[in-house]
Amino acid sequence: MDSGLYAAYTGLLARTQALDTAANNLANAGTVGFRAQRDYFRSVLAGIGGQAAPPSQVGNAVNDFGVLGGSLIDQGEGAVTATGNPLDLALDGQGFFAIQTTQGTRYTRDGAFTRSATGVLETQQGDAVLDATGQPITLPTGALSIGPDGSVSVTTAEGSAIAGQIGVFGFPADTAMVAEGTNRFAAPDEAQAAVVATPVREGALEGANLDAVHGTMQLILVQRQAEMMQKALTTFNNDFDKTAAEELGRL
C-alpha cells in the first residue's frame, strides 16, 4: 500500500485538531488574561504495549509521519491597558494570581477583581483572591490602594492601614499548566507554587497574548492546510481503489 496514504491521513488528522486550537485562540482574543495554546507534534509509533514492533513496511511507513501530540500554554505576556479602576490589576512579568474555587486553588492572569458585599476580594465569577499564605483577603470599607508588592491599603476616617497582601505565585519554566476555561489554570499535582516578587500594576488589565489579526491569520493558514491534506487523502484513496479494482480483476 502506498505510504502516501498514511502521510495524508496523519496530516489531515493533525491539521483538524490544530484547527480547533486556532479557533479557540481566536475566540478568546478579547478575553482578559487569556493565554493562547500552541500545538506540538509527536511521531506515530507502531508498537504494542510500549514495545518496538518487528520491522515491517507498514510500521516503517507510519513511523515516518507525525501527529498532533497536544497543546501547550503560551506563557508570553499580553498587552496591558490602563483602566483607572483600583481593583483592576496586572502583573509586570511572569506569575499568577491565586484564587479559591470549588475545585481547589486555581491560577489566573485576569486581575479584574471586585469587593463583595462581605468585603472579600474576589474575581468576577465570585472566587476569592488569595494572599501569599493561601488565605482569602477581606477588605474593610474605605478607599483602596494597591502597591507594587501587592499590599492592599485601605483609607478610612480613622487613617490608613494594610488590610492584606495579594499573593503572586510562580512555577518552574517546564511546568505544564492546564487551561480550565478561558483564563483560569490548574497546576499539576506535583508542581509546587512559590511566591514571586513580580510587580503588581494597579488600575490596569492584561489582555490576551494573541491579537485578533494574528489569530485570524493562523486560523486561515491551518484551514488551508487541512483542505490540502483532505485533497491529498482523496487522491491517494482514489488511486488505491483504482489499483485494487485492476488487480482483483486479474485474480
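These numbers come from a predicted model, not from an experiment.

Draft legend 1. Focus on the overall build of the protein chain. Scanning the protein chain from N- to C-terminus turns up three helices and 20 strands. Counting only residues that meet the buried cut, the protein chain has 37% of its 251 residues in that class. Pairs at least 24 residues apart make up 66% of the contacts formed inside the protein chain by residues separated by at least 6 positions. Total accessible area on the protein chain stands at roughly 13,800 Å², and carbon and sulfur atoms take up 55% of it.

Draft legend 2. Region of interest: the pairing of strand S8 (residues 104-108). With five bridges connecting them, strand S7 (residues 96-101) and S8 associate as antiparallel partners. Along S8, the bridge assignment pairs Gln 100 with Thr 105. As consecutive antiparallel partners, S7 and S8 are separated by two residues. Direction of pairing for S8 relative to strand S17 (residues 184-186): antiparallel, over a ladder of two bridges.

Draft legend 3. Just the packing of aromatic side chains, in detail. For the structure on display, the rule yields six aromatic pairs. Aromatic side chains Phe 96 and Tyr 107 sit 6.4 Å apart centroid to centroid with 65° between the ring planes, which places their arrangement in the edge-to-face category. With Phe 96 in strand S7 and Tyr 107 in strand S8, this residue pair connects regions lying 11 residues apart in the sequence. For the pair Phe 96 and Tyr 107, a shared accessibility class is recorded, and that class is buried. Every member of this aromatic cluster is reached through a ring pair, and the members are Phe 96, Tyr 107, Phe 169, Phe 171 and Phe 185.

Draft legend 4. Looking closely at the pattern of salt bridges. Here the structure, examined in full by the defined rule, presents seven salt bridges. Note that Arg 38 is salt-bridged to Asp 74, the shortest N-O span being 3.1 Å. With Arg 38 in strand S1 (residues 37-43) and Asp 74 in the loop between strand S4 (66-73) and strand S5 (80-82), the pair connects residues that are 36 residues apart, well separated along the chain. Its relative accessible area of 35% is what places Arg 38 among the partly exposed residues. Here Glu 180 and Arg 106 are joined by a salt bridge, their closest N and O atoms 2.8 Å apart. In this pair, Glu 180 sits in strand S16 (residues 178-180) while Arg 106 sits in strand S8, placing the two residues 74 residues apart along the sequence. A single salt-bridge network, built from bridges that share partners, covers Arg 106, Asp 127, Glu 180 and Arg 184.

Draft legend 5. Focus on the confidence of the model for the protein chain. Confidence in the prediction of the protein chain, expressed as mean pLDDT, is 81, and 76% of residues score 70 or more. Ignoring residues within four places in sequence, the model shows residues 45-51, a span with pLDDT below 50, making five contacts including any to other chains.

Draft legend 6. Representation of the nonpolar core within the structure. In terms of nonpolar packing, the biggest core is built from 17 residues, with Leu 89, Leu 121, Ile 146 and Ile 166 touching the most fellow members. Those elements that place two or more of their residues in this core are strand S6 (89-91), S7, strand S12 (143-146) and strand S13 (151-156). Not counting chain neighbours up to four residues away, the residues in contact with Leu 121 comprise Leu 87, Phe 113, Thr 114, Asp 127, Ala 128, Val 129, Ile 137, Leu 139 and Ile 166. If you look at the next biggest cluster of nonpolar residues, it comprises 10 residues, including Ile 73, Phe 96, Tyr 107 and Phe 169.

Draft legend 7. Looking closely at the environment of Leu 130. Positionally, Leu 130 belongs in the loop between strand S11 (128-129) and S12. Spatially, the C-alpha atoms of Leu 130 and Tyr 107 are 10.0 Å apart, while their sequence positions differ by 23 residues. Excluding its chain neighbours within four sequence positions, the residues that come into contact with Leu 130 are Ala 98, Ile 99, Gln 100, Thr 105, Gln 135, Pro 136, Ile 137, Ile 166 and Gly 167.

Draft legend 8. Focus on the sheet that holds strand S14 (residues 159-165). Spatial strand order, S12-S13-S14: three strands in an open sheet with antiparallel pairing. Only two strands of the sheet have a single partner each, and these edge strands are S12 and S14. Across this sheet, the average inter-strand angle for adjacent strands is 25°, counted without regard to direction. With four bridges joining them, S12 and S13 adopt antiparallel strand pairing. Within S13, the residue paired with Leu 144 across the bridge is Val 154.

Draft legend 9. Local environment of the environment of Ala 14. On the secondary structure map, Ala 14 appears in helix H1 (residues 4-27). On the accessibility criterion, Ala 14 (3% relative accessible area) is buried. Along the primary structure Ala 14 and Gln 225 are separated by 211 residues, whereas in three dimensions their C-alpha atoms are 9.9 Å apart.

Cut-offs applied
- Residues numbered from 1 in each chain as written.
- Predicted model: local features only at pLDDT ≥ 70, side-chain atom pairs only at ≥ 80, totals over all residues.
- Heavy atoms only, no water.
- Helix = DSSP H or I, 4+ residues; strand = E, 2+ residues; numbered from the N terminus.
- Buried < 20%, exposed > 50% of the residue type's maximum accessible area, 1.4 Å probe, protein only.
- Contact = heavy atoms within 4.5 Å.
- Areas by Shrake-Rupley, 256 points an atom, 1.4 Å probe, with all protein chains shown as cover.
- Pairing = 2+ DSSP bridges.
- Phe/Tyr/Trp six-rings, centres within 6.5 Å; stacked < 30°, edge-to-face > 60°.
- Salt bridge = Lys/Arg side-chain N within 4 Å of Asp/Glu carboxyl O.
- pLDDT = per-residue confidence, 0-100.
- Core = buried A, V, L, I, M, F, W, Y, C linked by side-chain atoms within 4.5 Å.
- Axes fitted to C-alpha atoms, helices over the stretch in contact; angles between N-to-C directions.

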